[in-house]
Amino acid sequence: MIPEKRFLNQIQQVLARLMQPLWLLDTEGTVLLPEENRSKINLPEFMEPGMPVAFEGKTFLMIGITPELILCADAQGAATHDCIVLAGAMVQSMGRGEAPIQSRYDVYRRVLREELAGRGYFLSSANSINWGRLLPQIVYYVSAYCDLLNAGTIEAGTRVNFCVPTGNFGNILSGFYAKRMGVPIGRLICASNENNVLTDFIKTGTYDRNRPFYQTASPSMDILISSNLERLLSLLSGSDEEVRGYMQKLSETGTYTVSDRVLRAVQAEFSCGFCTDAQGAQTIGKTFRENHYLLDTHTAVACTVLDAYRAGTGDQTLTVVESTASPFKFCASVLDALGVTEHAPGTGVLGQLTAETGRPAPKPLASLAGKPVRFDQVTDRGDMRAVVTEFLR
């Protein structure tokens, strides 16, 4: 397919926005953690004024133009498909209740797909298994390595480790792709919260979702089925049939065990670890007291896991810890970690965190002050079909 010039212009504009820049460091310069290894760690951030306040937000800029580019033009640029881009208005139950968030989201997605299919539409989700999310994330690793080169921190060809907080194995998989493409990456350290299904898999070769589900202070990692892992297994095994068998066992029994050959290939690339909410909170508090750097709950998981990895292996390789969200997305948890247990109501908690730390809230969040709540509907899983159908009227 040869896209029209207008599509190429759109891509160039979006990429220019993505690269302005991906890796903004703290206002005081590069923050090096922990104290005893301050020459060994960099924490690049992904936020800029007016932009999304989590790492995946930037990739949505690419997803926004992908349907038109891929689905809506043939080789001559003529429109051939009807396209609908849905900005999902998820009801509040998606973050509540006894069932895992992923389970409730799967219900929501399945119902939405079925309803749209009945009307002649195809649904593609913008979650972390979408290539429109994975491809731009590869740039993060290239950009980080180039930043280290430009700063004179490393020489070309020096291997650098990356420690990535992950649940669905998407961001860290993009790091693996970047390594395969030639970026000199050493160990990819997979950092999990108490939903440590990936930690157990990397250590033992057995993936087992049959375990308690924990709602943690790092909710983006509260996942028991890491969808992108299937892609890694496909690459490392070289056998679609083998991976198909693993996925069938996962569907039928909730568990599978990879071959010794595949396990050795996984362990040759990835290290792993997990931490509890309490351990992550200790890291947030310690980091702010000693370095005046404010971690979010997900990045705290990565820093905690990296400390444990270094203590256990002695590996002091320069490591990039991916700072994947603004701490102002998780004000209550961050305030608790700083010893502040009384929280201001509503958006007032943003100003409270600023007053406590001296760090300004990102503009996209600060601008919410005084605005009415737009989505306040709560529904049970059993009522989702009716609710989704009503959304589509």
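Residues numbered from 1 in each chain as written. Predicted model: local features only at pLDDT ≥ 70, side-chain atom pairs only at ≥ 80, totals over all residues. Heavy atoms only, no water.

### Details of the overall build of the chain
Regarding its fold elements, the chain presents 15 helices and seven strands. A separation threshold of at least 6 residues defines the contact pool for the chain, and within that pool the share at least 24 residues apart is 69%. A total accessible area of about 19000 Å² is found for the chain, and carbon and sulfur atoms account for 53% of it. (Helix = DSSP H or I, 4+ residues; strand = E, 2+ residues; numbered from the N terminus. Contact = heavy atoms within 4.5 Å. Areas by Shrake-Rupley, 256 points an atom, 1.4 Å probe, with all protein chains shown as cover.)

### Notes on unusual backbone geometry
One non-glycine residue, phenylalanine 169, adopts positive backbone phi at about 65°. Relative to the assigned elements, phenylalanine 169 resides in the loop between strand E2 (160–165) and helix H5 (171–180). When its relative accessible area of 1% is taken as the criterion, phenylalanine 169 is described as buried. Unusually for a residue other than glycine, histidine 292 sits at a positive phi of about 55°. (Buried < 20%, exposed > 50% of the residue type's maximum accessible area, 1.4 Å probe, protein only.)

### Brief notes about the environment of aspartate 277
Here aspartate 277 shows up in helix H10 (residues 277–291). Between the C-alpha atom of aspartate 277 and that of asparagine 193, which follows or precedes it by 84 residues, the distance is 7.4 Å. Ignoring any residue separated from it by four or fewer positions in sequence, one finds aspartate 277 in contact with Glu194, Thr216 and Ala217.

### Description of the pairing of strand E3 (residues 185–192)
Counting buried positions along E3 yields eight of eight residues, so the element is predominantly enclosed. In this structure, E2 lies alongside E3, joined through five bridges in parallel fashion. Paired with cysteine 163 across the bridge in E3 is isoleucine 189. In the classification by handedness, the crossover that spans E2, the intervening H5 and the parallel E3 is right-handed. Summarising the sheet, E3 and strand E6 (residues 270–274) pair through five bridges and their orientation is parallel. By the bridge assignment, alanine 191 is partnered in E6 with glycine 273. (Pairing = 2+ DSSP bridges. Right-handed = clockwise from strand over helix to strand, strands pointing away.)

### Examining the pattern of salt bridges
Taken as a whole and assessed by the stated rule, the structure comprises four salt bridges. For the salt bridge of glutamate 269 with lysine 179, the shortest nitrogen-to-oxygen distance reads 2.7 Å. Residue glutamate 269 is found in helix H9 (residues 260–269), and its partner lysine 179 is found in helix H5; the two are separated by 90 residues along the sequence. Both residues of the pair, glutamate 269 and lysine 179, count as buried. In this structure, the salt-bridge partner of glutamate 242 is arginine 261, at a minimum N-O distance of 3.3 Å. (Salt bridge = Lys/Arg side-chain N within 4 Å of Asp/Glu carboxyl O.)

### As for the packing of aromatic side chains
Within the structure shown, the criterion is met by seven aromatic pairs. Among the aromatic side chains, those forming a connected cluster through ring pairs are Phe201, Tyr207, Tyr246 and Tyr256. The side chain of arginine 359 reaches across the aromatic face of tyrosine 293, ending 6.0 Å from its centre. (Phe/Tyr/Trp six-rings, centres within 6.5 Å; stacked < 30°, edge-to-face > 60°. Lys NZ or Arg CZ within 6 Å of the ring centre and 35° of its normal.)

### Structural notes on the nonpolar core
One finds Leu233 and Tyr256 to be the most contacted residues of the largest nonpolar core, which totals 42 residues. The greatest single-element share of this core, amounting to six residues, is contributed by helix H4 (residues 131–150). Among residues more than four places away in sequence, those in contact with tyrosine 256 are Phe201, Gly205, Thr206, Tyr207, Leu229, Leu233, Tyr246, Met247, Lys249 and Leu250. Counting 29 residues, the second largest nonpolar core, distinct from the first, contains Leu295, Val301, Cys303 and Cys331. (Core = buried A, V, L, I, M, F, W, Y, C linked by side-chain atoms within 4.5 Å.)

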